[in-house]
Amino acid sequence: MAAATTEPRRSAFTIWHVLLLAVPATGVFLWLERVGPNPGTWTLYLFGTALISIIPLSQFMGGAVESLHGRINPRLADLLDASLSNLPELGIGLVLLFHAARALLAAQGGTADIIATSTLTVRNDFQIILALAIGSVLNNVLLNLGVGVLFGARKKELTFDASSAASYSSMLALAVVGLALPTLAQSFSEAKGEELNGTLQTVSLLVAGVLLATYIIFVLVSTFGWRETGAAKPAPAPRAAQGGTGKIVLALVIFGILTLAAASIVGYTADTVIQAATNDPLTPLSVGLVLLPLACNFGELFSVLSSARKGDLEDGMEVVGGSAVQVPLLVLPILVFAAALTGLVVPGIFLSLIFSPLELIVLGLVTVIYALITQDGKASWLEGVELFAVFVLISATALAIH
């Protein structure tokens, strides 16, 4: 979820408010699924409405953040955008994490069948979390950027700051290296017939810590010019404020309410998400890699489209690059540490950074593609077609795997 631009506000108004009907529809299907006349038969309907309901909530959350622009320092506003843009992914990750912990607690002292079911639930929960981290990168770089360039560069090439895009490319490369190491370590140990266990947890925590620390430094340098060499760049002054402290507080209150609403929907439907993800034609991989990122990043798509329609991809590239690096470098490390803390209370809970070969290969390929397309500071219509085509190929492959 990214801060929505105000350009298409009039045309988007009807769309978002119509999609809000999915929120009460989710409540209806939740009741039917749990206590209705035919409980257990409404899983896919509940999953679909819950997924759709996240879309307008994410967009309105972005609007609340966007309203802060012009009232505070632009750099601070950009930092808020970066910090809040991926809250849906963080919320879903935390809900699935505690869903897994609850399953393990319920299995304590249970039969062998209950323990096996609980173990499968935990594995599916963690697989969705890890796939969502990769899927968010794919969605932003391939779909959002690709569609934005596809529609915005029909008449002329779009331009953006190549140096800024290069910084995002280097951070994505760091994410690829860091996230691949625990998986490689496990593969090498399995080839030797060894078990890492505790060592794997230590490696995952170490990688998460380094990625998180590097992201914080990246924000300090890119946002505040910390440790920059040469003449210091003065912080831009805030634009003329249209309202005072009251409107800032109101925007934050609205954002908080919308965040709670989105988290509640995810929390109450977590069981359904897991159930849908383990039934044909869906899998934890396809749900995490394709479906959930579509809902969580829908606002970013419209932000990029708005920027591209103006013939300048600068704002859209900031949305795409910033959101793409946030999940693997900020959200995922937070979830790893949250899982480690939860494991102190619920033994057996730990989010190891073990990805499937497909996820790592795809992440590496997307990082290379992003670097190649953004290196000259220009984006053409054909490049938009190519990005979208790669997204379709990867999504189709993920949906076909069972």
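What you see is a predicted model, and the numbers here were worked out from it, not measured in a lab.

Of regular secondary structure, the chain possesses 15 helices and two strands. Burial statistics for the chain: of 402 residues in total, 51% are counted as buried. Sequence separation of at least 24 residues holds for 85% of the intrachain contacts in the chain that already meet a minimum separation of 6. As displayed, the chain has an accessible area near 18,300 Å², and 68% of this comes from carbon and sulfur atoms.

General note: in soluble globular proteins, nonpolar side chains tend to be found buried as a group. Residues Val-141, Leu-179, Leu-313, Leu-332, Ile-349, Leu-351 and Tyr-370 are the most contacted members of the largest nonpolar core, which totals 90 residues. Ranked by residues supplied to this core, first place goes to helix α6 (residues 112-152) with 17 residues. Those residues in contact with Ile-349, other than ones at most four positions away along the chain, are Leu-97, Ala-100, Ala-101, Leu-104, Phe-126, Ala-339, Thr-342 and Gly-343.

Here α6 contains 41 residues, and its C-alpha end-to-end distance of 57 Å stays within 8% of the 60 Å for a straight helix at 1.5 Å per residue. Its axis deflected by about 35 degrees at Asn-139, α6 carries its strongest bend there. Counting buried positions along α6 gives 30 out of 41 residues, so the element sits mostly inside the fold.

What follows deals with a nonpolar patch on the surface. Judged by side-chain polarity, Ile-216, Ile-217, Leu-220, Phe-224 and Trp-226 come together as a nonpolar surface patch covering roughly 450 Å² of accessible area. Take Ile-217: it is sitting in helix α8 (residues 198-224).

With that settled, the discussion passes to the environment of Leu-87. Here Leu-87 is to be found in helix α5 (residues 87-107). Judged by its relative accessible area of 23%, Leu-87 falls in the partly exposed class. Along the backbone, Leu-87 and Val-331 are 244 residues apart, and their C-alpha atoms lie at a distance of 8.4 Å.

Attention now moves to the packing of aromatic side chains. Taken as a whole, this structure holds three aromatic pairs when the rule is applied. Relative to Phe-218, the ring of Tyr-168 lies with its centre 5.8 Å away and its plane at 65 degrees, an arrangement referred to as edge-to-face. Taken together, the residues span a long stretch of sequence, with Tyr-168 in helix α7 (residues 162-191) and Phe-218 in helix α8 at a distance of 50 residues. Given the relative accessible area of 14%, Phe-218 is considered buried. Relative to Phe-218, the ring of Tyr-215 has its centre 6.4 Å away and its plane inclined at 40 degrees; by these criteria the two rings are tilted. Linking Tyr-215 with Phe-218, this pair stays in helix α8, spanning three residues, or about one helical turn. An identical accessibility class is assigned to Tyr-215 and Phe-218; each is buried. Each member of the aromatic cluster is reached from another via a ring pair, and the members are Tyr-168, Tyr-215 and Phe-218.

Looking now at the packing of α6 against helix α14 (residues 357-374). Where α6 meets α14, the closest approach of the two axes is 10 Å, and the angle between their N-to-C directions is 30 degrees. On the basis of their axis angle, the class for α6 and α14 is roughly parallel. Crossing geometry of α6 relative to α14 is assigned as left-handed. Taking contact as the criterion, the partners of Leu-130, Ala-131, Ile-134, Val-137, Leu-138, Val-141, Leu-142 and Leu-145 in α6 are, on α14, Glu-359, Val-362, Leu-363, Val-366 and Tyr-370. Here the contact of α6 with α14 is built from residues that sort into twelve nonpolar, no polar and one charged.

It is worth spelling out helix α2 (residues 22-35) at this point. Taking 1.5 Å per residue, 14 residues should reach 20 Å; α2 reaches 20 Å between its end C-alpha atoms and fits that length. Taken together, the buried positions of α2 are occupied by Ala-22, Thr-26, Phe-29, Leu-30, Leu-32 and Glu-33. Projected down its long axis, α2 carries its buried residues within an arc of 165 degrees, all on one side.

Once that is clear, we can look at the packing of α6 against helix α13 (residues 314-343). With their axes 9 Å apart at the nearest point, α6 and α13 run at an angle of 175 degrees to one another. As the angle between them shows, α6 and α13 are arranged roughly antiparallel. Contacts between α6 and α13 involve Ile-129, Leu-130, Ala-133, Ser-136, Val-137, Asn-140, Val-141, Asn-144 and Leu-145 on the former and, on the latter, Met-317, Val-320, Ser-323, Ala-324, Val-327, Pro-328, Leu-332 and Leu-335. For the contact of α6 with α13, a count of residues per class yields 13 nonpolar, four polar and no charged.

Here we come to the environment of Glu-386. Residue position: Glu-386 is located in helix α15 (residues 381-400). Overall, Glu-386 belongs to the partly exposed group, its relative accessible area being 40%. Sequence spacing of Glu-386 and Leu-142 is 244 residues, and the spatial spacing of their C-alpha atoms is 8.7 Å.

What counts, and where the lines are drawn
Residues numbered from 1 in each chain as written. Predicted model: local features only at pLDDT ≥ 70, side-chain atom pairs only at ≥ 80, totals over all residues. Heavy atoms only, no water. Helix = DSSP H or I, 4+ residues; strand = E, 2+ residues; numbered from the N terminus. Buried < 20%, exposed > 50% of the residue type's maximum accessible area, 1.4 Å probe, protein only. Contact = heavy atoms within 4.5 Å. Areas by Shrake-Rupley, 256 points an atom, 1.4 Å probe, with all protein chains shown as cover. Core = buried A, V, L, I, M, F, W, Y, C linked by side-chain atoms within 4.5 Å. Expected span 1.5 Å × (residues − 1). Bend = angle between axes of the 7 residues up to and from the residue. Patch = residues over 30% accessible without salt bridge, like charges linked within 9 Å, V, L, I, M, F, W, Y side chains within 5 Å. Salt bridge = Lys/Arg side-chain N within 4 Å of Asp/Glu carboxyl O. Phe/Tyr/Trp six-rings, centres within 6.5 Å; stacked < 30°, edge-to-face > 60°. Axes fitted to C-alpha atoms, helices over the stretch in contact; angles between N-to-C directions. Parallel < 35°, antiparallel > 145°, perpendicular 65-115°, else oblique. Left-handed = near helix turned anticlockwise from the far one by under 90°. Nonpolar A, V, L, I, M, F, W, Y, C, P; charged D, E, K, R; others polar. Arc of directions from axis to C-beta.

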